[in-house]
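Chain and residue survey
In case you want the letters, here they are:
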Amino acid sequence: MLTTLQATLTPLRQAARRHPRGFAAVVLTLLLLGGGAYALAAAVVTLAPDAALAPVHEVSEAVAPLPLQEQASALERHRYSLYRSDLSRGNDTADTLLRRLGLDDPSAADFLRRDALAQRHLLARAGRNLTAEASERNTLLKLIARWSPDDDGNFKRLVIEKSGATFKSRLETVPLTASTRIASGTIDSSLFASMDEAQIPDSVGAQIAEIFSGDIDFHRELRKGDRYSVVYEVLEGDGEPLRAGRVLSAEFVNAGKAYQAVWFQEPATANVNPQEEGRATHTQTRGGYYTLDGKSLRRAYLASPLAFSRITSGFKMRFHPILKKWTAHLGVDYAAPIGTPVRSVGDGVVEFAAAQNGYGNVVFIRHRNNHVTVYAHLSRILVRRGQRVAQGQTIAATGATGWATGPHLHFEFRVNGQQQNPLTIARNSESIPLAPAARPAFNRLAAVARQQLAAAQLLAIR
Ligand SMILES: [Zn+2]
C-alpha cells in the first residue's frame, strides 16, 4: 500500500519542486485500504511555506473553440458575474467592506447600514468568511458571510441578495462537512512559527502539545530540527474551511525520538442492566489518543503544569537573582505572564493552599504513592485545602509572590519528600491499556494512521 502511495505522491513532489511558489496546495484523493470504513476521502496538502498563498484549486476541462461569430454573440447573451472572497474585519463598515470586495454600490452600502441582520452579524465582526458575487459593473448581486460560532457541527450563513431594485437578507443554520488535512513541518525557531508557515491553526498546535504532554514538555524540550506530521479534521461550510476540528493522528520527532498518536474511540459496548431484565443499554465511551501499538497516551501525570500556548511559548524568563541564591531550589521554573492558568498535573487532593515564605502563594497537591506536586509564586489560588482535583484542572494563576523577582511558576515533583525530575515521572507513569475487545478495530485504524503519517512525511519537502 505504501508503494502505491509513494507512486501517487512522487509526481506531486516533482511538480512542487518545479513550481515551488505556485504549488500552494494539491487535493489528493487517497483511497486507503481497510474495509472502506476508514477511507480518507480527500486531503488538502499544503506544500508552500508562503502563508500569503491561498490554496489553489485547479480545474481543467476540454474546451472546443466556437466560431468567432458564435463566440461574440455568446458573450453578449451571457451576463458574467465576478466572484471575490475575503475575511471580514473587526472595524468593517458597510463602505470599507464593499470596497475591499471590489464593489462600488451605494444602494448596497445603504442596505447593509440599515439591515438588522447585517448590522448584527456582518459589520464590525472579525474573521467571517465572505464571498461576493458582483455584476460586470461591480454592483452587488449576492454577498454571503459564513462562520461557525459554536462547536455544534453547524455554521451560520448570512445571505444578502439583490431582489429587484433592493436587497433581501436571510440567516441560515447549515451543517458543516468534515474533510481531512495532512500537514507537516520542521521547527526552526518555535512550534508556532513553524505552524504558521505550514498554515496549521493554533488550535491544532495546542492539541498536538496536549496529545504528547505526557512525553514531551513543550516549554522546555523543543529543539531546532524537531519535526511533526499531523492529520486533522477541517470543518467546512460550502467548501470553505471555517473551523479546525480534532487531530486524528500525529507524529512528533523530538530530539531524534519519534512519538506517534492516533485518536480512537472504543466501540460502544452493550451492557446488561439487571433492573431492566436483560434489556441492553449502550454506554458511550470517551475517545482518547493512543500510540500506534495501542497504549493510551493518557498518563497518571502531565509533563508540564502549564498548557502550551502561543503566549507561554514566547515568554522568556529575564532574570531572577533571588532564585540563584535560594539553595533549596530543586524544581523547574516556567516563565509565564502573570495570570496564566496553572493546572494540576495529576488527580489528587489539595494538601496546602496558602502563602508560605519563599514560595509565596503556593499549592501542594498529594497524589497516589506518596507523590506530591508543588506550584509556587502564584498570583491567585483557586482551590482549598482538602479539595479533590482532577488532572488538567486549573488550580491557580501564575504570579511573582514570595522570593521571585520575575513572573514565573516554580514547580516541584516530590516522591517520598524528595524532589524528582517531573518529566521522568510523567514518562514513567502508568498508562491505561486498551480493552481487548477493541483491539481489532483499533488495529485497522492504526494501519490507516501509519499510512497517513507516512504520506505527510513524503510531502514534507524540506
Ligand atoms: Zn524555581
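Here the structure is shown first, and the text comes after it.
Described in the following lines is the structure provided in the data block. (Residues numbered from 1 in each chain as written. Predicted model: local features only at pLDDT ≥ 70, side-chain atom pairs only at ≥ 80, totals over all residues. Heavy atoms only, no water.)

**So, the pattern of salt bridges**
Any two side chains of opposite charge can pair, given that their charged atoms come close. Applicable threshold: Here, a salt bridge means any side-chain nitrogen of Lys or Arg that lies within 4 Å of a carboxyl oxygen of Asp or Glu. Remark: exposure states derive from per-residue accessible area (1.4 Å probe, protein chains only) relative to the maximum for the residue type, with buried under 20%, exposed over 50%, and partly exposed in between. A run of H or I in DSSP becomes a helix once it reaches four residues, and a run of E becomes a strand once it reaches two; helices and strands are each numbered from the N terminus.
With the rule as written, the count across this model stands at 17 salt bridges. Put simply, arginine 100 and aspartate 92 hold a salt bridge, and the shortest N to O gap is 2.7 Å. Relative accessible area serves as the criterion here: at 3%, aspartate 92 is assigned to the buried category. Among the salt bridges present, the one from aspartate 215 reaches arginine 299, with a minimum N-O distance of 3.3 Å. Taken together, the positions of aspartate 215 in the loop between helix H7 (202-211) and strand S9 (227-237) and arginine 299 in strand S15 (residues 295-299) put the pair 84 residues apart, joining distant regions of the chain. Judged by relative accessible area, which is 14%, arginine 299 ranks as buried.

**A few points about the side chain of asparagine 129**
Put simply, the rule is: Two N or O atoms form a polar contact when they lie within 3.5 Å of each other; inside protein one atom must be a possible hydrogen donor and the other a possible acceptor, and for residues adjacent in sequence the pair counts only when both atoms belong to side chains. The contact rule is simple, with two residues in contact once any of their heavy atoms fall within 4.5 Å.
With respect to the element layout, asparagine 129 can be found in strand S4 (residues 129-134). On the basis of relative accessibility, which here comes to 10%, the residue asparagine 129 falls in the buried class. One polar contact links asparagine 129 to glutamate 240, side chain to side chain, over a distance of 3.1 Å. When sequence neighbours within four positions are dropped, the list of residues in contact with asparagine 129 reads Asp86, Leu87, Ile144, Ala145, Arg146, Glu240 and Leu242.

**Side note on the sheet that holds strand S3 (residues 82-87)**
Threshold: When DSSP finds two or more bridges between a pair of strands, those strands are recorded as paired. Between the N-to-C directions of two axes lies an angle of 0 to 180 degrees, each axis being a line fitted to C-alpha atoms and, for a helix, fitted only over the stretch in contact.
Overall, antiparallel pairing links the 5 strands, which are arranged S3-S4-S5-S6-S7 in an open sheet. Lying at the two open borders of the sheet, with one neighbouring strand each, are S3 and strand S7 (166-175). Within this sheet the neighbouring strands show an average axis-to-axis angle of 15°, counted without direction. Where strand S6 (residues 154-163) lies against S7, 10 bridges are found, and the strand directions are antiparallel. Residue pairing in the sheet places phenylalanine 155 in a bridge with valine 174 of S7.

**Notes on helix H4 (residues 106-114)**
To keep it simple, the criterion reads: Note that the arc is defined by the directions from the helix axis to the C-beta atoms.
Buried within H4 are the following residues: Ala108, Ala109, Phe111 and Leu112. Seen along its axis, H4 keeps its buried residues to an arc of 160°; they face one direction. Away from the buried face of H4 by more than 90 degrees, exposed residues Pro106 and Arg114 are located. Summarising the contacts, the buried residues of H4 are in contact with helix H3 (94-100), helix H5 (116-121), strand S5 (140-147), S6 and S7.

**Some words on the packing of aromatic side chains**
To be explicit about the condition: The pairing test for Phe, Tyr and Trp rings, Trp by its six-membered ring, is centres within 6.5 Å, and the orientation test on the planes gives stacked under 30 degrees, edge-to-face over 60, and tilted for anything in between.
Applying the stated criterion across every chain yields a total of 14 aromatic pairs. Ring geometry for phenylalanine 212 against phenylalanine 252: centres 6.3 Å apart, planes inclined by 55°, an arrangement best described as tilted. Placement of the pair is phenylalanine 212 in the loop between H7 and S9 and phenylalanine 252 in strand S10 (residues 240-254), with a sequence separation of 40 residues. Accessibility expressed as a relative area gives 0% for phenylalanine 212, which makes it buried.

**Here's the deal with the environment of glutamine 356**
Relative to the helices and strands, glutamine 356 resides in strand S18 (residues 348-356). Residue glutamine 356 is classed as partly exposed on the basis of its relative accessible area, which comes to 26%. Sequence separation of glutamine 356 and alanine 376 is 20 residues, and the distance between their C-alpha atoms is 9.2 Å.

**Quick notes on the nonpolar core**
What counts is decided by this rule: In this description, a nonpolar core means a group of buried Ala, Val, Leu, Ile, Met, Phe, Trp, Tyr and Cys residues linked to one another through side-chain atoms lying within 4.5 Å.
Ranked by internal contacts, the top residues of the largest apolar core, which has 27 residues, are Ile200, Ile208, Phe212, Phe218, Val230, Val247 and Phe252. Only helix H6 (191-197), H7, S9, S10 and strand S11 (257-264) provide two or more residues apiece to this core. Beyond its immediate sequence surroundings of up to four residues, phenylalanine 212 is in contact with Phe218, Ala250, Glu251, Phe252, Tyr259, Gln260, Ala261 and Leu297. Among the nonpolar cores identified, the runner-up in size contains 25 residues, and Val342, Val363, Phe411 and Leu423 belong to it.

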